[in-house]
Amino acid sequence: MPVGGLAFLPKAVPHGFQVMGDRAARMLCVTTPSGFEAFVAENSDATPPTAGPDMARLMASTQKYGLEILGDLPDLL
């Protein structure tokens, strides 16, 4: 997605994000209704990650927030 791009994802549409390239990415996510921010806060750390996500931690909290992780993102290249 180009700089300034926009993605609209209706409820219940499986989706994922992957940073391509060697530059950091910044995203603004707006979700409704509220509640998803609690999932993000519970699974965030104050220091930048040095490896991939802690999948055990994520999986343990998805049910609490009514979410489902379907698996790895498909290869796009």
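Everything discussed here concerns the structure shown above.
Residues numbered from 1 in each chain as written. Predicted model: local features only at pLDDT ≥ 70, side-chain atom pairs only at ≥ 80, totals over all residues. Heavy atoms only, no water.

1. Topic: helix α2 (residues 55-62)
Listed as buried for α2 are L58, S61 and T62. Down the axis of α2, the buried set is contained in an arc of 105 degrees. They therefore lie on one face. The exposed set on the far side of α2, more than 90 degrees from its buried face, consists of A56 and A60. Check the buried side of α2 and you find it contacts α1 (36-42). Looking at where α2 begins, the residue whose side-chain oxygen comes 3.3 Å from the main-chain nitrogen of A56 is D54. (Buried < 20%, exposed > 50% of the residue type's maximum accessible area, 1.4 Å probe, protein only. Helix = DSSP H or I, 4+ residues; strand = E, 2+ residues; numbered from the N terminus. Arc of directions from axis to C-beta. Contact = heavy atoms within 4.5 Å. Polar contact = N/O pair within 3.5 Å; in protein donor to acceptor, adjacent residues only side chain to side chain.)

2. Comments concerning the packing of aromatic side chains
As enumerated under the stated definition, the model contains 2 aromatic pairs in all. Seen from their ring centres, F39 and Y65 are 5.8 Å apart, and the 70 degrees between their planes marks the pair as edge-to-face. Pair noted here: F39 is in helix α1 and Y65 is in the segment after α2, with a separation of 26 residues, a long-range link. According to the relative accessible area criterion, F39 is buried, its value standing at 10%. An aromatic cluster of at least three residues, connected via ring pairs, comprises F36, F39 and Y65. (Phe/Tyr/Trp six-rings, centres within 6.5 Å; stacked < 30°, edge-to-face > 60°.)

3. Some words on the side chain of N43
One can find N43 in the loop between α1 and α2. With relative accessibility at 18%, the residue N43 sits in the buried group. Separated by 2.9 Å, the side chain of N43 and the backbone oxygen of F39 make a polar contact. Of note is the side chain of N43, whose polar atom sits 2.9 Å from the side chain of S61. If we ignore the near neighbours within four places in the chain, the residues touching N43 are R57, L58 and S61.

4. Considerations on the environment of R57
With respect to the helices and strands, the residue R57 is situated in helix α2. Classification of R57 as partly exposed rests on a relative accessible area of 28%. For the pair formed by R57 and F17, sequence separation is 40 residues and the distance between their alpha carbons is 18 Å.

5. What to know about the pattern of salt bridges
Overall, the coordinates contain 2 salt bridges when judged by the stated rule. A salt bridge links K64 to E42; the shortest N-O distance between them is 3.0 Å. Of this pair, K64 sits in the segment after α2 while E42 sits in helix α1, and the two are 22 residues apart along the sequence. Given a relative accessible area of 59%, K64 falls into the exposed group. Take E42: its relative accessible area is 31%, and that puts it in the partly exposed class. Of the charged contacts in the structure, one is a salt bridge between R57 and D45, with a shortest N-O distance of 3.1 Å. Residue R57 is found in helix α2, and its partner D45 is found in the loop between α1 and α2; the two are separated by 12 residues along the sequence. (Salt bridge = Lys/Arg side-chain N within 4 Å of Asp/Glu carboxyl O.)

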